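# Inside the fold
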Amino acid sequence: MTPYNEREVLKLLQEESTQRKGFELIVAQYSEQLYWQIRRMVLSHEDANDLLQNTFIKAWTNIDYFRAEAKLSTWLYRIALNECLTFLNRQRATTTVAIDDPEAAIVQKLESDPYYSGDQVQMLLQKALLTLPEKQRMVFNLKYYQEMKYEEMSEIFGTSVGALKASYHHAVKKIEKFLEEVD
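Rules used throughout
- Residues numbered from 1 in each chain as written.
- Predicted model: local features only at pLDDT ≥ 70, side-chain atom pairs only at ≥ 80, totals over all residues.
- Heavy atoms only, no water.
- Buried < 20%, exposed > 50% of the residue type's maximum accessible area, 1.4 Å probe, protein only.
- Helix = DSSP H or I, 4+ residues; strand = E, 2+ residues; numbered from the N terminus.
- Contact = heavy atoms within 4.5 Å.
- Axes fitted to C-alpha atoms, helices over the stretch in contact; angles between N-to-C directions.
- Left-handed = near helix turned anticlockwise from the far one by under 90°.
- Nonpolar A, V, L, I, M, F, W, Y, C, P; charged D, E, K, R; others polar.
- Phe/Tyr/Trp six-rings, centres within 6.5 Å; stacked < 30°, edge-to-face > 60°.
- Lys NZ or Arg CZ within 6 Å of the ring centre and 35° of its normal.
- Salt bridge = Lys/Arg side-chain N within 4 Å of Asp/Glu carboxyl O.

Next up on the list: helix α8 (residues 150-157). Among all positions in α8, only Y150, E152, M153, S154 and I156 are buried. The elements touched by buried residues of α8 are α4 (72-94), α7 (134-144) and α9 (161-182). Just beyond α8, the residue with positive phi is G158, at close to 65 degrees.

Two elements in contact, helix α2 (residues 19-42) and α7, have axes separated by 10 Å at closest approach and are oriented at 145 degrees. Crossing hand, α2 versus α7: right-handed. Within the contact between the two elements, α2 uses Q37, R40 and M41 and α7 uses E134, R137, M138, N141 and L142. Considering only residue class, the contact of α2 with α7 consists of three nonpolar, two polar and three charged.

You will see that L43, though not glycine, has its phi angle at about 70 degrees, which is positive. With respect to the secondary-structure elements, L43 resides in the loop between α2 and α3 (45-61). L43 sits in the buried class, given a relative accessible area of 3%. Its identity is not glycine, yet A68 carries a phi of approximately 60 degrees, on the positive side. Secondary-structure assignment places A68 in the loop between α3 and α4. The class for A68 is partly exposed, based on a relative accessible area of 43%.

One pass over the structure, following the stated rule, counts nine aromatic pairs. Ring plane angle 80 degrees and centroid distance 5.6 Å describe the contact between Y4 and Y30, whose orientation is recorded as edge-to-face. With a gap of 26 residues between them, Y4 in the segment before α1 (6-14) and Y30 in helix α2 connect regions that are remote in the sequence. A relative accessible area of 24% means that Y4 is categorised as partly exposed. An aromatic cluster of at least three residues, connected via ring pairs, comprises F140, Y144, Y145, Y150 and Y168. Taking the ring centre of Y145 as reference, the NZ or CZ of R40 above it sits at 3.9 Å. A cation sits over an aromatic face here: K143 above Y150, 4.5 Å from the ring centre.

Bringing the pattern of salt bridges into the picture now. Two side chains of opposite charge can pair, provided their charged atoms sit close to one another. Enumeration according to the criterion identifies five salt bridges in this entry. The partner of E176 in a salt bridge is K173, and the shortest N-O contact between them spans 3.5 Å. Pair noted here: E176 and K173 are both in helix α9, with a separation of three residues, about one helical turn. Using a relative accessible area of 37% as the deciding quantity, one classes E176 as partly exposed. In this structure K173 comes out as partly exposed when scored by relative accessible area, which is 44%. When the shortest N-O distance is used, the salt bridge between K177 and E181 registers 3.7 Å. In this pair, K177 and E181 both sit in helix α9, four residues apart, roughly one turn of the helix. Each member of the pair, K177 as well as E181, is classed as exposed.

The structure is reproduced here in structure tokens:
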């Protein structure tokens, strides 16, 4: 199998006869990393699979509008993060939980997920992440798990590198505080 070459994929996307092949290469290249980014936001395997599928459907539907000013991965992450935000907002609007503990339903969903294979430490980290505002959680996930550079995140979020560094720093401090309080 030849290594993924974004320039060649972009050429395939420009021709109607090779567009499907180019998109198949994109799906093969980015499915796993997008799945895990989405999964860290919504926690449920089924929801993550649905959102990943929605992400690729939106990407395919709008592939003609991709202008290659950013990397394909940046564009896909932006679509995926928007899908996550829409899903989480819709879920929050339809879920009735105690006002003082809105994360309880999400934690309960994670704990009962048959696909979750994390140990107690991972469960604590996930609970800590749930205490973060969504944008901080997204920034933390991209930096910590994906080891994404702030410059690339800046393109995804449309915000400055300094703001992202501050967001990550605040997220780390909140996670540390949460973990200290659990001990």
